[in-house]
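# An overview of the molecular structure
Here are the chains, one letter per residue:
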Amino acid sequence: RSSRAPGEAAIFPRAIGENPQMHSLAVTSAFAATLVAMLGTRLWLISRQIRHVAQHRGSVPSAFADVVSLEAHQKAADYTIARQRFELLTTAWGGAMLLGWTLLGGLDAVNVVVRDWALPRWGDLGYQIALLVAVSVIGSVIDLPFDLWRTFRIEQQFGFNRMTWALWLKDALVGTVVGAAVGIPLMALVLWLMAAAGALWWLWAFAVLAGFTLLMQVLYPTVIAPLFNKFKPLDDDTHGPLKGRVQALMQRCGFKAQGLYVMDGSKRSAHANAYFTGFGASKRVVFFDTLLSRLSTEEIEAVLAHELGHFHHRHVPKRLVTVMGVWLASLALLGWLMNQPSFYAGLGVQPNMMAPNHGLALLLLTLAGPVFGFFITPITAAVSRRHEFEADAYASQQARASDLKSALLKLFEDNATTLTPDPLYVRFHYSHPPASERLAALHAHS
């Protein structure tokens with residue numbers, strides 16, 4: 001493997017002390033303990049959600065008894081339970097795979113194979129890129145059966161899937177090509193900076209990633225998204241009254257968009273949605289065709305007012321700044337970790353004592369980071385739910401709260417969203433308030 005030959009001097013700094021084996025054991029113990037805690041917490045919360053929804057399946061909550069049928073309530077309960085049982089499986093499998101990649105030596109084995117094959121042919125940078133691509137491909141192949149089961153079994157069973165096998169294959173092919181065309185050059189640039197930009201490489205890498213993110217805000221809606229869906233302008237003939245109300249609403253709210261579009265979401269799913277996308281002059285409003293077919297003009301206006309509430313409160317820039325702050329801190333941490341042999345050895349990889357391995361360091365941080373970051377999930381979820389309440393309050397000022405309430409009720413029913421989630425699961429995982437809390441808050445604005 002890539003261990004040091006007898007007599008070679010190590011380039012790694014001795015910042016970790018004189019007991020590297022003890023430091024490696026400490027890293028292993030911390031990772032293993034946190035992984036067990038994370039998996040235990042997730043599985044416990046999912047089990048609570050399943051039990052709570054099943055216990056309340058038999059009757060519609062009193063607050064919704066006049067507007068939601070028992071049949072719709074039970075469908076939502078069954079759909080939620082099916083998805084949560086599937087999540088039990090994927091969570092356990094994901095934990096096993098993470099353990100296999102790290103402490104059981106899977107990543108180390110892949111690295112040896114890729115290094116021995118690619119390094120003589122493509123040099124160090126080519127080898128690093130090949131390693132990242134190989135791990136990504138292997139992970140995608142392993143996850144493939146779960147993705148197929150989710151789409152063609154669970155979503156199909158409850159009447160949501162409209163994806164054909166031909167469309168799925170097309171999406172997979174286009175997604176792979178686009179991902180490679182965008183991702184490989186980005187990976188190459190970051191890896192080159194790690195090797196060539198000195199001790200502060202992480203600042204340059206952060207600048208690249210931040211610039212790339214902003215660039216994608218422009219390119220995604222205009223170049224990438226049309227590869228997967230058709231976007232037709234909201235025309236006067238078909239959507240005249242709606243278009244007029246939407247334009248008047250945006251004018252009142254001071255929002256300027258490049259255009260109003262209808263997306264053919266129905267060719268993949270029966271779920272309905274609306275969203276803003278783009279940045280600067282490329283901003284656009286997109287309605288799913290399923291949304292337009294289900295809601296009234298007044299209800300669509302209210303849903304759009306909610307989205308404009310996010311714009312008014314600058315929620316998207318705030319979240320983007322938060323994400324970039326996490327990236328910056330993670331890259332700075334990686335700048336230190338990649339020079340520590342215990343970081344590699346403690347996570348199941350034999351380090352190269354002659355120099356840090358940038359590709360391995362990136363992969364290890366990508367694998368281990370979410371384990372340690374899992375326990376801040378309740379904080380990010382709470383912030384997201386607060387943003388939703390703020391957007392609802394803004395929508396109540398720009399449109400009628402009653403229209404937003406009726407629209408949400410239709411969307412909850414059409415998307416089979418349970419009305420009786422487990423409260424603790426909500427606090428930990430829900431990015432949107434549950435129906436009871438959200439509609440109660442809207443009632444106060446009526």
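Residues numbered from 1 in each chain as written. Predicted model: local features only at pLDDT ≥ 70, side-chain atom pairs only at ≥ 80, totals over all residues. Heavy atoms only, no water.

## Describing the overall build of the protein
Note the threshold: Secondary structure elements are defined from DSSP: runs of H or I of at least 4 residues count as helices, runs of E of at least 2 residues count as strands, and each element is numbered from the N terminus. Just to be clear, the radius of gyration here is over C-alpha atoms, and the globule rule we use is 2.2 Å times residues to the power 0.38. When a residue's accessible area, from a 1.4 Å probe over protein chains only, is under 20% of the maximum for its type it is buried; when over 50% it is exposed; and in between it is partly exposed. By the convention used here, residues are in contact when the closest approach between their heavy atoms is within 4.5 Å. Note on areas: Shrake-Rupley with a 1.4 Å probe; residue coverage comes only from the protein chains shown. We score Asp and Glu as negative and Lys and Arg as positive, and we do not count His or the chain ends. By convention, the point assigned to a charge is CZ for Arg, NZ for Lys, CD for Glu and CG for Asp.
Check the secondary structure of the protein and you find 15 helices and 4 strands. Rg of the C-alpha trace for the protein: 25 Å, near the compact-globule value of 22 Å for 446 residues, within the 12% margin. For the protein, the spread of C-alpha atoms along the principal axes amounts to about 80 × 50 × 40 Å. Looking at the protein residue by residue over its 446 residues, the buried ones come to 45%. For the protein, contacts bridging at least 24 residues in sequence account for 76% of all contacts bridging at least 6. A total of about 22300 Å² of accessible surface is found on the protein, and carbon and sulfur atoms cover 64% of it. Across the protein, the mean location of the 37 positive side-chain charges is 2 Å away from that of the 30 negative side-chain charges.

## Description of the confidence of the model for the protein
The following threshold applies: Every residue carries a pLDDT, the predictor's confidence in it, which falls somewhere between 0 and 100.
Summary statistics for the protein give a mean pLDDT of 89 and a share of 93% for residues scoring 70 or more. Within the protein, the element-level pLDDT minimum falls on helix α6 (residues 236-253), averaging 78, and the maximum on helix α2 (residues 70-101), averaging 96. Here residues 1-17 is modelled with pLDDT under 50, and outside its nearest four sequence neighbours on either side it reaches 35 contacts, counting other chains as well.

## Let's talk about the sheet that holds strand β1 (residues 231-233)
Applicable threshold: Strand pairing is assigned whenever DSSP identifies at least 2 bridges connecting the two strands. Each axis is a line fitted through C-alpha atoms, and for a helix only the stretch in contact is used; angles between axes span 0 to 180 degrees, taken between their N-to-C directions.
If you walk across this open sheet you meet the 4 strands as β1-β2-β4-β3, and the pairing is mixed. This sheet does not close on itself; its edge strands, each paired only once, are β1 and β3 (274-277). Going from strand to strand, the sheet's axes swing by 30° on average, the running direction of each strand aside. Its contacts with the sheet place helix α8 (residues 297-312) against β3 and β4 (284-288), and it is angled at close to 35° to β3.

## Digging into the packing of aromatic side chains
The following threshold applies: Pairing of aromatic rings covers Phe, Tyr and the six-membered ring of Trp, with a centre-to-centre limit of 6.5 Å; geometry is then stacked below 30 degrees between planes, edge-to-face above 60, and tilted otherwise.
Scanning the entire structure with this criterion turns up 13 aromatic pairs. Ring geometry for Y79 and F160: centres 4.9 Å apart, planes at 55°, overall tilted. Here F160 lies in the loop between α3 (106-157) and α4 (165-196) and Y79 lies in helix α2, a separation of 81 residues in the sequence. What makes F160 buried here is its relative accessible area of 2%. Ring pairing ties together the aromatic residues Y79, F158 and F160, which thus form one cluster.

## Notes on the pattern of salt bridges
Which entries qualify depends on this criterion: Salt bridge, as applied in this entry: a Lys or Arg side-chain nitrogen positioned within 4 Å of an Asp or Glu carboxyl oxygen.
Throughout the structure, instances matching the rule amount to 17 salt bridges. K410 is the salt-bridge partner of E299, the closest N and O atoms lying 2.9 Å from each other. Linking E299 in helix α8 with K410 in helix α13 (residues 401-414), this pair joins segments that are 111 residues apart in sequence. The class of E299 is buried, set by a relative accessible area of 6%.

## Describing the environment of A197
With respect to the secondary-structure elements, A197 resides in the loop between α4 and α5 (201-224). With residues up to four places along the chain from it excluded, the contact list for A197 reads W192 and W204.

## Some points on unusual backbone geometry
Look at R314: it is not a glycine, yet its phi comes out positive at around 60°. You can see R314 is positioned in the loop between α8 and α9 (315-337). The class for R314 is exposed, based on a relative accessible area of 53%. The residue A416 is not glycine, and still its phi comes out positive at about 55°. Along the polypeptide, A416 turns up in the loop between α13 and α14 (423-429). Overall, A416 belongs to the buried group, its relative accessible area being 4%.

## As for the nonpolar core
Our working definition: Only buried residues count toward a nonpolar core, which is a set of Ala, Val, Leu, Ile, Met, Phe, Trp, Tyr and Cys residues joined through side-chain atoms within 4.5 Å.
In this structure, L107, V114, L131, M194, W201 and Y344 are the most contacted members of the largest nonpolar core, which totals 58 residues. With 11 residues, α3 is the single largest residue contributor to this core.

## Quick look at the packing of α8 against helix α12 (residues 377-398)
Our working definition: Angles are sorted into four bins: roughly parallel if under 35 degrees, roughly antiparallel if over 145, roughly perpendicular if 65 to 115, and oblique for all others. When the near helix sits turned anticlockwise from the far one by under a right angle, the crossing is termed left-handed; a clockwise turn instead gives a right-handed crossing.
Two numbers describe how α8 lies on α12: the axes approach to 7 Å, and their chain directions differ by 120°. Taken together, α8 and α12 sit at an angle that is classed as oblique. Pair α8 / α12 crosses with right-handed handedness. Side by side, α8 and α12 meet where A302, A305, H306, L308, G309, H310 and H312 of the first sit next to H387, E388, A391, D392, Y394, A395 and Q398 of the second.

## A few points about the side chain of H52
With respect to the helices, strands and loops of the structure, H52 is situated in helix α1 (residues 20-55). The residues touching H52, leaving out its near neighbours within four places in the chain, are T420, P421, D422 and P423.

## Remarks on the environment of A395
Within the secondary structure, A395 sits in helix α12. What makes A395 buried here is its relative accessible area of 1%. In this structure, the C-alpha to C-alpha distance between A395 and G95, residues 300 residues apart in sequence, is 41 Å. Residues in contact with A395, not counting those within four places in the same chain, are A302, A305, H306 and L404.

## Examining a nonpolar patch on the surface
As a reminder of what qualifies: Patch membership is restricted to residues that have no salt bridge and whose relative accessible area is over 30%. Joining uses 9 Å for like charges and 5 Å for the nonpolar side chains Val, Leu, Ile, Met, Phe, Trp and Tyr.
Nonpolar side chains collect at one region of the surface, where L215, V218, L219 and V223 lie side by side and expose about 290 Å² of accessible area between them. By secondary structure assignment, the location of L215 is in helix α5.

## A word on the pairing of strand β2 (residues 259-263)
Most of β2 is tucked away: 5 of the 5 residues are buried. Going residue by residue along β2, you find G259, Y261 and M263 tucked away on one face and L260 and V262 tucked away on the opposite face as well. Looking at chain direction, β1 and β2 are connected through 3 bridges and run antiparallel. The partner of K232 across the bridge, within β2, is V262. Note that β2 and β4 share 5 bridges and pair parallel. Its bridge partner being in β4, G259 is matched across the sheet by R284.

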